[in-house]
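What follows is the residue order along each chain.
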Amino acid sequence: MSDTKITIQETTNNTIIKYNSSTILINGGSYEFNNIDEAKNSPLAQELFYLPFVKKVFITANFIAIQRFDILEWIDVQEEVKEQIEAYLNDGNVVVNEQKTSKKEAIEVYAEVTPNPAVMKFGTNKALTQTDVEFKNIDEANASSPLAQAIFNFPFVKEVFISDNYISITKYDMVEWNEVYGEVRTFIREYLADGKTIIKELPKEETAATESEIETPVVALEGIAAQIVDILDEYIKPAVAGDGGNIAFRSYDEENKVVSVILQGACSGCPSSTATLKNGIENLLKEMLPNQINEVVAING
């Protein structure tokens, strides 16, 4: 019996609600089911479709999103659905029957330089994770991500950051990227094509920059803090993701009007990160939230 905890998260669409899981549900990618027939390979989705108000089910590595019909409101049933999902998972039942075949999946992996000369971004056409994860060493990776653990077997790898469809790798100065990126790219492509596990569980609080620290649930934020998260998500994150990095909200000091963020991937330790922080993020927040922002600081860079 597992010890999975489910938390409820509202979305911008009032017909859809997310059930976030404390444990990994599937090995990367995502599944969408429009009816019970489509859900033949997902016993969990099939069970949910027996609820008369369920219209669609969307399953990812760490959450289940459900769209309802208009016959009721989520407030009337969301707690009961949460308990049903939690009980199902803790009984050790199958979420999705992920079929293993001898035929390798067609995977593309490309390497991109980033503004941080120590970091190379490896993009892929395969969805890797719905929750960004960062590992500072092989011990952290061992507890959470077999893929990151395998990458750390390259002696020049210092840190690994995995996002939705790319991996940013930070190297030590012992080699140059032009000497090793081809080998790393081939390794990642073969690993993904073999269908091996990407993330087996989310990092615990004591490892790296934790989920509780870097991805404070939007539903728990109000006022200026919530607006800051919205601005980061809409304007900042897509831009830095293109360079293999991530900037995550940590906290907002209302009294001093100071925003704290965490730099990850290519942003962490990047020579240009200070300029990005001050000239980009800080100026944008000051412009969009007048008289509410004095400074933006990175707590890890």
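If you're wondering where the values come from, they're calculated on a predicted model, not measured in any experiment.

Draft legend 1. How the structure looks around the overall build of the protein. A count of helices and strands for the protein gives eight helices and 13 strands. Across the 301 residues that make up the protein, the buried fraction comes to 49%. Residue pairs at least 24 apart in sequence account for 61% of intrachain contacts in the protein once pairs closer than 6 positions are excluded. As displayed, the protein has an accessible area near 14800 Å², and 47% of this comes from carbon and sulfur atoms.

Draft legend 2. Local environment of the sheet that holds strand β11 (residues 245-253). The strand order across the open sheet built from three strands is β11-β12-β13, with neighbouring strands paired in mixed fashion. The sheet is open, and its two borders are formed by β11 and β13 (295-298), each paired with just one other strand. Going across the sheet, the axis of each strand differs from the next one's by a mean of 30°, ignoring polarity. Note that β11 and strand β12 (residues 258-265) share eight bridges and pair antiparallel. Paired with S251 across the strands is S260, a residue of β12. Docked against the sheet, helix α7 (residues 223-241) engages β11 and β12, running at close to 165° with respect to β11.

Draft legend 3. Structural view of the side chain of T114. Considering the arrangement of structural elements, one finds T114 in the loop between β6 (109-113) and β7 (119-124). For T114, the side chain forms a polar contact with the main-chain oxygen of N116, separated by 2.9 Å. A distance of 2.9 Å separates a polar side-chain atom of T114 from the backbone oxygen of V119. If we skip the residues at most four places from it in the chain, T114 touches V119, M120, K121, D243 and A266.

Draft legend 4. Local environment of the packing of aromatic side chains. Within the structure shown, the criterion is met by ten aromatic pairs. Aromatic side chains F122 and W177 sit 6.0 Å apart centroid to centroid with 65° between the ring planes, which places their arrangement in the edge-to-face category. Of this pair, F122 sits in strand β7 while W177 sits in helix α5 (residues 177-193), placing them 55 residues apart in sequence. You'll find F122 and W177 in the same group, each marked buried. On the numbers, 6.2 Å between centres and 50° between planes, the contact of F161 with Y166 is tilted. The two residues F161 and Y166 agree in class, both being buried. Through a chain of ring-to-ring contacts, three or more aromatic side chains come together here, namely F122, F154, F156, W177, F187 and Y191. The ring of F63 carries K18 above its face, with NZ or CZ at 4.1 Å from the centroid.

Draft legend 5. Seen up close, empty space enclosed by the protein. Counted by the stated rule, this structure contains one cavity of 30 Å³ or more. The space that makes up the largest cavity amounts to roughly 30 Å³. Lining the largest cavity are E134, E159, V160, F161, S168, T170 and G265. If you list the elements that add at least two residues to the lining of the largest cavity, you get β9 (157-162) and β10 (166-171). The element contributing the most residues to the lining of the largest cavity is β9, with three residues. Tallied by class, the residues present in the lining of the largest cavity amount to two nonpolar, three polar and two charged.

Draft legend 6. The arrangement of the confidence of the model for the protein in detail. Per-residue pLDDT for the protein has a mean of 84; in total, 86% of the residues score no lower than 70. Ignoring residues within four places in sequence, the model shows residues 205-220, a span with pLDDT below 50, making 32 contacts including any to other chains.

Draft legend 7. The arrangement of unusual backbone geometry in detail. One non-glycine residue with positive phi stands out, namely K257, at about 60°. Tracing the backbone shows K257 in the loop between β11 and β12. For K257, a relative accessible area of 27% puts it in the partly exposed group. Positive phi outside glycine occurs at N291, with the angle close to 65°. By the secondary structure assignment, N291 is in the loop between α8 (273-288) and β13.

Draft legend 8. Structural detail: the pattern of salt bridges. As enumerated under the stated definition, the model contains eight salt bridges in all. Residue K5 is joined to D3 by a salt bridge in which the shortest nitrogen-to-oxygen separation is 3.8 Å. Residue classification places K5 among the partly exposed positions, given a relative accessible area of 49%. D3 gets classed as exposed once you look at its relative accessible area, which sits at 57%.

Draft legend 9. Quick look at the pairing of β12. Here β12 lies mainly inside the structure; eight of its eight residues are buried. Taken together, β11 and the strand that follows it, β12, pair antiparallel across an intervening segment of four residues, in which K257 is found at a positive phi of about 60°. Alignment of β12 against β13, held across four bridges, turns out to be parallel. Bridged to V259 within β13 is V296.

The rules behind each value
Residue positions are given per chain, counting from 1 as you read along its sequence in written order. It should be noted that, the model being predicted, local features are given only for residues of pLDDT at least 70 and side-chain atom pairs only at 80 or more, the latter also being counted only at that level, while totals for whole chains, interfaces and linings use all residues. For the side-chain quantities, the full set of heavy atoms in the structure was used; hydrogens and water were omitted. Helix and strand labels come from DSSP, where a helix needs a run of H or I of at least four residues and a strand needs a run of E of at least two; each type is numbered from the N terminus. Exposed residues in this analysis have more than 50% of their type's maximum accessible area, buried residues have under 20%, and partly exposed residues fall in between, with area computed by a 1.4 Å probe over protein chains only. In what follows, residue pairs with any heavy atoms lying within 4.5 Å of each other are defined as contacts. For the accessible areas, the method is Shrake-Rupley and the probe is 1.4 Å, while residue cover comes only from the protein chains on display. For two strands to be treated as a pair, DSSP must find no fewer than two bridges joining them. Inter-axis angles, ranging from 0 to 180 degrees, are taken between N-to-C directions of lines fitted to C-alpha atoms, where helices are fitted over the stretch in contact. In protein, a polar contact means a hydrogen-donor-capable atom and an acceptor-capable atom, both N or O and within 3.5 Å, with residues adjacent in sequence counting only if both atoms are side-chain atoms; elsewhere, any N or O pair within 3.5 Å suffices. The pairing test for Phe, Tyr and Trp rings, Trp by its six-membered ring, is centres within 6.5 Å, and the orientation test on the planes gives stacked under 30 degrees, edge-to-face over 60, and tilted for anything in between. Note on criteria: charge over ring means Lys NZ or Arg CZ within 6 Å of the ring centre, with the direction from the centre no more than 35 degrees off the ring normal. Throughout, the protein atoms alone are placed on a 1 Å grid, and a set of points is a cavity if a 1.4 Å probe fits but cannot get out or a pocket if it is open with protein on both sides within 12 Å along at least five of seven lines; lining residues have an atom within 4 Å of a point. Grid points are joined across faces, edges and corners, and a volume is the space filled by probe spheres set on the points. By the convention adopted, Pro, Cys, Tyr, Trp, Phe, Met, Ile, Leu, Val and Ala count as nonpolar, Lys, Arg, Asp and Glu as charged, and the other residues, Gly among them, as polar. The predictor rates its confidence in each residue with pLDDT, a number between 0 and 100. Definition used for salt bridges: Asp or Glu carboxyl oxygen within 4 Å of a side-chain nitrogen of Lys or Arg.

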